[in-house]
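Each chain, written out:
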Amino acid sequence: MLLAVACNKNELITEQIEDEHYRPRTESSVAEAQKVWEYTPAPGQFINELKTSGFTGEELTAEAAVAYAERRMSEGRFVSLGGFGGYIVVGFDHSVDNAGGYDFAVEGNSFDGSSEPGIVWVMQDENGDGKPNDTWYELRGSESGKPTTIQNYAVTYYRPAEPQSPVKWSDSEGVEGEIDYVGAHHSQDYYYPAWIATDSYTLSGTRLEARNYDKSGNGTMWVQPAYDWGYADNQSSVDFISRNGAFNLFDIDNAMDTWGNAAEIEYIDFVKVQCGVNAKSGHLGELSTEVFSVVDYKMVF
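How each quantity is defined
- Residues numbered from 1 in each chain as written.
- Predicted model: local features only at pLDDT ≥ 70, side-chain atom pairs only at ≥ 80, totals over all residues.
- Heavy atoms only, no water.
- Helix = DSSP H or I, 4+ residues; strand = E, 2+ residues; numbered from the N terminus.
- Rg over C-alpha atoms; globule rule 2.2 N^0.38 Å.
- Contact = heavy atoms within 4.5 Å.
- Areas by Shrake-Rupley, 256 points an atom, 1.4 Å probe, with all protein chains shown as cover.
- Lys, Arg positive; Asp, Glu negative; His and termini not counted.
- Charge placed at Lys NZ, Arg CZ, Asp CG, Glu CD.
- Buried < 20%, exposed > 50% of the residue type's maximum accessible area, 1.4 Å probe, protein only.
- Pairing = 2+ DSSP bridges.
- Axes fitted to C-alpha atoms, helices over the stretch in contact; angles between N-to-C directions.
- Phe/Tyr/Trp six-rings, centres within 6.5 Å; stacked < 30°, edge-to-face > 60°.
- Lys NZ or Arg CZ within 6 Å of the ring centre and 35° of its normal.

### Some thoughts on the overall build of the protein chain
Right, so step 1: Within the protein chain one finds two helices and 20 strands.
Right, so step 2: Rg of the C-alpha trace for the protein chain: 19 Å, near the compact-globule value of 19 Å for 301 residues, within the 12% margin.
Right, so step 3: With respect to the principal axes defined by its C-alpha atoms, the protein chain has extents near 60 × 40 × 35 Å.
Right, so step 4: Within the protein chain, contacts between residues at least 6 apart in sequence are counted, and of these 70% link residues at least 24 apart.
Right, so step 5: Summing over all exposed atoms, the protein chain offers an accessible surface of approximately 13500 Å²; the carbon and sulfur share of this is 47%.
Right, so step 6: Across the protein chain, the centroid of the 20 positively charged side chains sits 6 Å from that of the 48 negatively charged ones.

### Quick notes on unusual backbone geometry
Right, so step 1: The phi dihedral of Asn48 is positive, around 70°, even though this residue is not glycine.
Right, so step 2: Structurally, Asn48 is set in the loop between β3 (35-40) and α1 (62-74).
Right, so step 3: In this structure Asn48 comes out as buried when scored by relative accessible area, which is 14%.
Right, so step 4: Positive phi outside glycine occurs at Gln164, with the angle close to 55°.
Right, so step 5: Structurally, Gln164 is set in the loop between β9 (150-158) and β10 (167-171).

### Some points on the pairing of strand β16 (residues 246-250)
Right, so step 1: Across the five residues of β16, five count as buried, placing the element largely inside the fold.
Right, so step 2: Side chains Ala246, Asn248 and Phe250 of β16 all project onto a buried face; the interleaved residues Phe247 and Leu249 project onto the opposite face, where all are buried too.
Right, so step 3: Two strands pair when backbone bridges link them, and strand β15 (residues 240-242) and β16 are joined in this way by three bridges, in the antiparallel orientation. Within β16, the position partnered with Ile241 by the bridge is Phe247.

### So, the sheet that holds strand β6 (residues 104-108)
Right, so step 1: As summarised here, the arrangement of the four strands in space is β15-β16-β6-β20, forming an open sheet in which the pairing is antiparallel. What marks the edges here is a single partner per strand, and that holds for β15 and β20 (293-296). The sheet shows a mean angle of 30° between the axes of neighbouring strands, taken without regard to direction.
Right, so step 2: Both β6 and β16 contribute to a ladder of five bridges, which runs antiparallel. Bridging from a neighbouring strand, Val106 pairs with Asn248 of β16.

### Regarding the packing of aromatic side chains
Right, so step 1: With the rule as written, the count across this model stands at 17 aromatic pairs.
Right, so step 2: Note on Tyr157 and Tyr201: the rings are 5.9 Å apart at their centroids and 40° apart in plane angle, and the pair reads as tilted. Here Tyr157 is found in strand β9, whereas its partner Tyr201 is found in strand β12 (residues 200-207), with 44 residues between them in sequence. Tyr201 shares its class with Tyr157; the two are buried.
Right, so step 3: Taken together, the aromatic side chains of Tyr39, Phe55, Tyr68 and Trp195 make up a single cluster linked through ring pairs.
Right, so step 4: Above the ring of Phe78, the side-chain terminus of Arg72 is found at 5.0 Å from the ring centroid.
Right, so step 5: For Arg207, the ring lying beneath its charged end belongs to Tyr153, and the centroid distance is 4.9 Å.

### With respect to the environment of Ala197
Right, so step 1: Relative to the elements of secondary structure, Ala197 occurs in the loop between β11 (176-179) and β12.
Right, so step 2: With relative accessibility at 74%, the residue Ala197 sits in the exposed group.
Right, so step 3: Considering only alpha carbons, one finds Ala197 and Thr61, 136 residues apart in sequence, at a separation of 8.5 Å.

See below:
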């Protein structure tokens, strides 16, 4: 039997949780998830980019890519997940309680007319080894269960043969396409992650139906509408809050298993955010979820 810390922002309240792997919050705990465990983006205009995205050109291994993402988030800067399926996995220095209402928040850069939804997954450190190697549970959102939402959707990306070229892809639905090269804005030679050693790689997850459209009719004004609720980097009217950043709020009670049943998790230790659309908006390039931070809601709001 462990003493768990159920938290108000400025007060510690203890209750008992029967789980030896639970890590209670202490006075030295920080709200932000500071440990990046994995960073595997899909190709995209911000990947390998030396200016806006802050790459150095030395990110040639998975470890270096993780260090890049960790540094960016510690500086309060965005990490791009690229096109569909790109993801980041972060961990807290304490277990985040499922205490009723919203439990954690993901900071993105959505604004009116520009939402790039990320699917959010949670994990509890069930085996107690401190690593995100247990079961991922997807958080239910407004599009869960709809016929337009595809679970176990997969995209394979192919390394371009020449610099300054689009990245071709094929998906599990038999569709082919490409991540456009938008050199006027992002002129690095390759949008394919420099640390991916293979000539192709596959990312899989849940895909939402794209909602972006060209409002102008001539390709000059692309709109990326928000989804109702349940996604990162999404200016929802339900769970979006603008307070020292653009946050979407999440409730662990929305965790579900592969069959859509409630997972009934008492706490979590890890969060994964994954780009949930496969779409592009003309000269704006691919829709790509961006993440600035993941925070324990009750320690911040």
